[in-house]
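# Understanding the architecture of this molecule
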Amino acid sequence: EFYIADSYKNLGKYEQACDCYEKVIAEGSGSFVELSMLNFSDLSYKLERWDDAFGGYSALYASARLENNKILAIEGMMRSAFKGHKWDEAIRNADRVLFESRISDTVKREAEYIKSKSFMATSRRSEALVIMEKLAADLTDAYGAEAAYILILDSYDKAEFEEVENKVYAFADAGSGQTYWLAKSFIVLGDSFVDRDELAQAKATFESVRDG
């Protein structure tokens with residue numbers, strides 16, 4: 001059953017593979033079960049079956065003998081909980097990731113992002129913004145760029161239009177290469193010019209986004 005499942009996985013037939021991995025989990029023993037739990041969870045995540053993925057990673061974390069699989073289970077629980085809008089579980093497992101010394105800085109940065117977005121989703125905005133400030137200190141990746149945009153949007157929502165302008169220009173001057181979030185930030189800047197009745201400046205700003 002395990003090798004049939006692996007063959008289905010290698011053929012890209014993920015649903016059939018999951019069915020076979022489930023049989024191994026229910027009836028097998030030893031390392032085949034642990035590997036099946038990991039593969040079932042990974043494939044469920046690829047299939048966007050967030051509840052199945054979270055359940056699989058949780059079972060793996062509880063029973064794994066290999067430490068590396070426990071690490072993968074923590075990361076998987078965090079990601080699948082976030083994708084499945086299980087905000088409290090996403091926060092709890094993001095904290096596990098941040099506490100684990102063997103996890104890379106890149107994944108820990110992802111954990112900070114997931115934690116902050118989960119705080120936002122549960123109306124814990126002030127806690128989220130503290131983390132966003134930390135993420136926005138590095139604009140070279142999408143996490144930092146989106147955090148910078150959210151902070152700009154927060155200033156706009158507070159009608160702190162001069163602060164919006166300062167933050168957008170600082171983002172542009174950083175030369176991060178994250179053009180999607182930079183463009184969205186310039187749209188907010190254009191809106192702030194409209195709100196100040198500086199229509200010529202607003203038009204020029206929107207045209208700069210349109211023209212790339």
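A brief look at the structure comes next. (Residues numbered from 1 in each chain as written. Predicted model: local features only at pLDDT ≥ 70, side-chain atom pairs only at ≥ 80, totals over all residues. Heavy atoms only, no water.)

Looking at the element boundaries, Ser 116 is found in helix α7 (residues 105-121). Here the side chain of Ser 116 touches Tyr 113 through a polar contact of 2.8 Å, landing on its backbone oxygen. Leave out the neighbours within four places in its chain, and Ser 116 touches Ala 128, Ile 131, Met 132 and Leu 135. (Helix = DSSP H or I, 4+ residues; strand = E, 2+ residues; numbered from the N terminus. Polar contact = N/O pair within 3.5 Å; in protein donor to acceptor, adjacent residues only side chain to side chain. Contact = heavy atoms within 4.5 Å.)

Let us now look at the environment of Ala 172. In this structure, Ala 172 sits in helix α10 (residues 161-173). When its relative accessible area of 28% is taken as the criterion, Ala 172 is described as partly exposed. Those residues in contact with Ala 172 that lie beyond four places of it in its chain are Leu 182 and Phe 186. (Buried < 20%, exposed > 50% of the residue type's maximum accessible area, 1.4 Å probe, protein only.)

Turning to the packing of aromatic side chains, a few remarks are in order. In the structure shown here, the tally under the stated rule is 12 aromatic pairs. Where Tyr 149 meets Trp 181, the ring centres are 5.4 Å apart and the plane angle is 40 degrees; that geometry is what we call tilted. Remark: Trp 181 occurs in helix α11 (residues 179-195) and Tyr 149 occurs in helix α9 (residues 142-157); sequence separation between them is 32 residues. Comparing Tyr 149 with Trp 181 shows no difference in burial state: the two are buried. When the ring centre of Tyr 61 is taken as origin, the NZ or CZ atom of Lys 70, which lies over that ring, is 4.9 Å away. (Phe/Tyr/Trp six-rings, centres within 6.5 Å; stacked < 30°, edge-to-face > 60°. Lys NZ or Arg CZ within 6 Å of the ring centre and 35° of its normal.)

Attention now goes to α7. Helix length check: α7, at 17 residues, gives a terminal C-alpha distance of 24 Å against a target of 24 Å (1.5 Å per residue), a fit within 8%. Judged by how many residues are buried, α7 sits mostly within the fold: 12 of 17 residues are covered. Listed in full, the buried residues belonging to α7 are Val 107, Lys 108, Arg 109, Glu 110, Ala 111, Glu 112, Tyr 113, Ile 114, Lys 115, Ser 116, Ser 118 and Phe 119. A positive phi of about 60 degrees marks Ser 123, the residue just after α7. (Expected span 1.5 Å × (residues − 1).)

Glancing now at the nonpolar core. In terms of nonpolar packing, the biggest core is built from 48 residues, with Val 97 and Phe 171 touching the most fellow members. Setting aside chain neighbours within four positions, we find Phe 171 in contact with Leu 139, Ala 145, Ala 148, Ile 152, Ser 176, Gln 178, Trp 181, Leu 182 and Ser 185. Counting residues in each nonpolar core, the second largest holds nine residues, with Tyr 21, Val 24, Phe 40 and Leu 43 among its members. (Core = buried A, V, L, I, M, F, W, Y, C linked by side-chain atoms within 4.5 Å.)

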